[in-house]
Amino acid sequence: MIGLTILTAALSAVFSIAAPSAGSPEKASYDEAAIKPYSLPDPLLTLSGRPVRTVRRWARRRRPEILEQFTREMFGESPKLPRRTLFHVLEESSSALGSKATRRQVSISFDGEWTDSLVLLIYTPNGLDEPAPCFLGVNFWGNWTVSTDPAILKPSAARLQGYGTKQIRPDRGASQSRWPLEEIISRGYAVATFYRGDIDPDFDDGFKNGVHGVLDKGKERDAESWGTVAAWAWGLRLCLDYLEKDPDIDEGKVAVFGHSRLGKTALWAGATDRRFAMVISNCSGCSGAAISRRRIGETVDIINYKFPHWFCTNYRKYNCREWDLPFDEHELIALAAPRPVYVASASEDNWADPKGEYLSLVGASPVYALYGYEGFTSYVPPGIEQPVVAGRMGYHIRRGKHDIALYDWLRYLDFADRFLK
Ligand code: GCU
């Protein structure tokens, strides 16, 4: 066990009588002083108790153990990627964004089975001598919200159905502040995105809609069956299959990123697919980058209550019992090793526990150290808007609320310049 704080046997006895919620979730706490002492599972100790001292042992033995635990106890088991994926360019123009970019809209489906395919929107910078490194992420409200570009196809009314309008009213360009396309393109990067509803609509319908409805047909669901976050991550991997074939993209330099629930998704995509060259989590919070055992802001109990479709049923065993988890989120970060990983928080995003997001990097650092990379050792996060990079890890806390803003993007671009250029 590594010690952020020390767990005592007595405390663990006290913890084990905390009752999981029935009917309504527990109340969130924001009180650092009330955090019970905890200790994080050691990413460098095998299940049989043997220390991991070499990269080989990490890669062959310990990493698969951790991956398996996250699969079984949290995200659920995803199907393999299809053997044959069909790509169809729906629309293409080399005069996008004031002729600075080429826009492609590609429909992706597989084995002729899935007629209801997803649409990947891609902008690649014009005039480069080489294929471009690329950022790939899911969007919340449909491709047409990421820019006012009138050529972006709008999802069908059926696809948009069921979505609230509380945060952003789905409308052309409505989430463009989260997608500074011109900036990304001018820095020499491509950017690709698809709408979450194209893979799995974000509501609990017993997994009948979306890709679950197609791939799970005729199969009984069990406690390890994949949830919606795993489905979105699977969709990102499917898109990578396409990006590998796009001549304008450098397939070895695709960074997977995401904000909030889609940040949790990016972390899981990076963990399950090592083809992603970089992993970026923006305000991913509970069940993303934040340490669950801190129980600050959103907890496992709350997330499972509010979003029963995001994770597998096994994850509910840990409602109000985070100390029983065989892992913690620092190990989700460690699954990215030795690839560059960036975690970002926002100062007012207490629901996502910014400090807990930072501490995951500290907890994952021993794995990066095994590869010879410096990491984060201080338990005190850096100040607001004082980004830090150590070895292959980056972190910042932006001033402001739960969001992905230009400030965040500029840090990701700087970070990518180090590793993907
Ligand atoms: C809710 C949820 C978070 C999630 C966020 C989002 O706030 O509780 O876990 O990250 O939505 O995706 O915006």
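Residues numbered from 1 in each chain as written. Predicted model: local features only at pLDDT ≥ 70, side-chain atom pairs only at ≥ 80, totals over all residues. Heavy atoms only, no water.

(A) Geometry of the overall build of the protein chain. Within the protein chain, the regular secondary structure consists of twelve helices and ten strands. Scaling as 2.2 N^0.38, a compact globule of 421 residues should have a C-alpha radius of gyration of about 22 Å, and the protein chain matches this with 21 Å. Here the C-alpha coordinates of the protein chain stretch approximately 65 × 45 × 40 Å along the principal axes. Pairs at least 24 apart in sequence give 71% of the contacts found in the protein chain among residues at least 6 apart. For the protein chain, the computed accessible surface area is about 16700 Å², with 51% contributed by carbon and sulfur atoms. When the 52 positive and 52 negative side-chain charges of the protein chain are each reduced to one mean point, those points stand 3 Å apart. (Helix = DSSP H or I, 4+ residues; strand = E, 2+ residues; numbered from the N terminus. Rg over C-alpha atoms; globule rule 2.2 N^0.38 Å. Contact = heavy atoms within 4.5 Å. Areas by Shrake-Rupley, 256 points an atom, 1.4 Å probe, with all protein chains shown as cover. Lys, Arg positive; Asp, Glu negative; His and termini not counted. Charge placed at Lys NZ, Arg CZ, Asp CG, Glu CD.)

(B) How the structure looks around the site of the ligand. Around the ligand lies a shell formed by Phe140, Ser260, Arg261, Lys264, Glu298, Ile303, Phe307, Trp310, Trp351 and His402. If the ligand stood free it would expose 320 Å²; the protein chains cover 89% of that surface. (Near = heavy atom within 4 Å.)

(C) A look at unusual backbone geometry. Cis geometry is adopted by the peptide bond preceding Pro338, which originates at Ala337 and carries an omega value of 0°. Position of Pro338 among the secondary structure elements: in the loop between α10 (329-334) and β8 (341-346). Positioned with a positive phi, Ser99 is a non-glycine residue whose angle comes to about 65°. Given a relative accessible area of 44%, Ser99 falls into the partly exposed group. (Buried < 20%, exposed > 50% of the residue type's maximum accessible area, 1.4 Å probe, protein only.)

(D) Main features of the nonpolar core. Core analysis: the biggest nonpolar cluster contains 86 residues, and Phe70, Phe75, Leu120, Leu136, Trp234 and Leu243 have the highest contact counts within it. Setting aside residues no more than four positions away along its own chain, Phe75 makes contact with Phe70, Ser225, Trp226, Gly227, Val229, Ala230, Trp268, Ser287, Phe311, Cys312 and Leu332. (Core = buried A, V, L, I, M, F, W, Y, C linked by side-chain atoms within 4.5 Å.)

(E) Local environment of the pairing of strand β7 (residues 278-282). Most of β7 sits inside the fold, with five of its five residues counted as buried. Where strand β6 (residues 249-259) lies against β7, five bridges are found, and the strand directions are parallel. Pairing of Phe257 across the sheet is with Ile280, part of β7. Read as a crossover between parallel neighbours, the route from β6 over helix α8 (residues 261-272) to β7 is right-handed. Pairing of β7 with β8 involves four bridges; the strand directions are parallel. (Pairing = 2+ DSSP bridges. Right-handed = clockwise from strand over helix to strand, strands pointing away.)

(F) Seen up close, the sheet that holds β7. Judged by pairing direction, the sheet is mixed, and its ten strands sit side by side in the order β1-β2-β3-β5-β4-β6-β7-β8-β10-β9 without closing on themselves. For this open sheet the edge positions go to β1 (85-96) and β9 (388-390), each flanked by a neighbour on one side alone. Looking at each pair of strands side by side, their axes are set apart by 15° on average, direction ignored. Here α8 sits on the sheet in contact with β4 (132-139), β6 and β7, set at roughly 140° to β6. (Axes fitted to C-alpha atoms, helices over the stretch in contact; angles between N-to-C directions.)

(G) Layout of the confidence of the model for the protein chain. In this model, the protein chain carries a mean pLDDT of 93, and residues with pLDDT of at least 70 account for 92%. Here residues 1-20 is a poorly scored stretch, pLDDT under 50, and it has 39 contacts once near neighbours within four places are set aside; other chains count. (pLDDT = per-residue confidence, 0-100.)

(H) Broad picture of the packing of helix α2 (residues 55-75) against α8. Two numbers describe how α2 lies on α8: the axes approach to 11 Å, and their chain directions differ by 140°. Judged by the inter-axis angle, α2 sits oblique to α8. With respect to the hand of their crossing, α2 and α8 are arranged in left-handed fashion. Only Trp268, Gly270, Ala271 and Thr272 of α8 make contact with α2, whose side of the interface consists of Arg63, Leu67, Phe70, Thr71 and Phe75. Grouping the constituent residues of the contact of α2 with α8 by class yields five nonpolar, three polar and one charged. (Parallel < 35°, antiparallel > 145°, perpendicular 65-115°, else oblique. Left-handed = near helix turned anticlockwise from the far one by under 90°. Nonpolar A, V, L, I, M, F, W, Y, C, P; charged D, E, K, R; others polar.)

(I) How the structure looks around the packing of helix α7 (residues 228-243) against α8. One can describe the packing of α7 onto α8 by two numbers: an axis separation of 8 Å at closest approach and a directional angle of 60°. On the basis of the axis angle, α7 is oblique to α8. For the crossing formed where α7 meets α8, the hand is right-handed. Residues Val229, Ala230, Trp232, Ala233, Leu236 and Arg237 of α7 lie in contact with α8, whose contacting residues are Arg261, Leu262, Lys264, Thr265, Ala266, Trp268, Ala269 and Thr272.

(J) Spotlight on the pairing of β6. In this structure, β4 lies alongside β6, joined through four bridges in parallel fashion. Note that in β6 the partner of Leu136 across the bridge is Val256.

(K) A look at the packing of aromatic side chains. In this structure the tally under the stated criterion is 23 aromatic pairs. Measuring from centroid to centroid gives 5.2 Å for Tyr342 and Tyr412, while their planes differ by 80°, and the two rings are edge-to-face. Here Tyr342 is found in strand β8, whereas its partner Tyr412 is found in helix α12 (residues 406-419), with 70 residues between them in sequence. No difference in accessibility class separates Tyr342 from Tyr412, as the two residues are buried. The ring of Phe207 is capped by Arg221, whose NZ or CZ atom sits 3.4 Å from the centre of that ring. In this arrangement the basic side chain of Arg411 is found over the ring face of Tyr407, its NZ or CZ atom lying 4.5 Å from the centre. (Phe/Tyr/Trp six-rings, centres within 6.5 Å; stacked < 30°, edge-to-face > 60°. Lys NZ or Arg CZ within 6 Å of the ring centre and 35° of its normal.)

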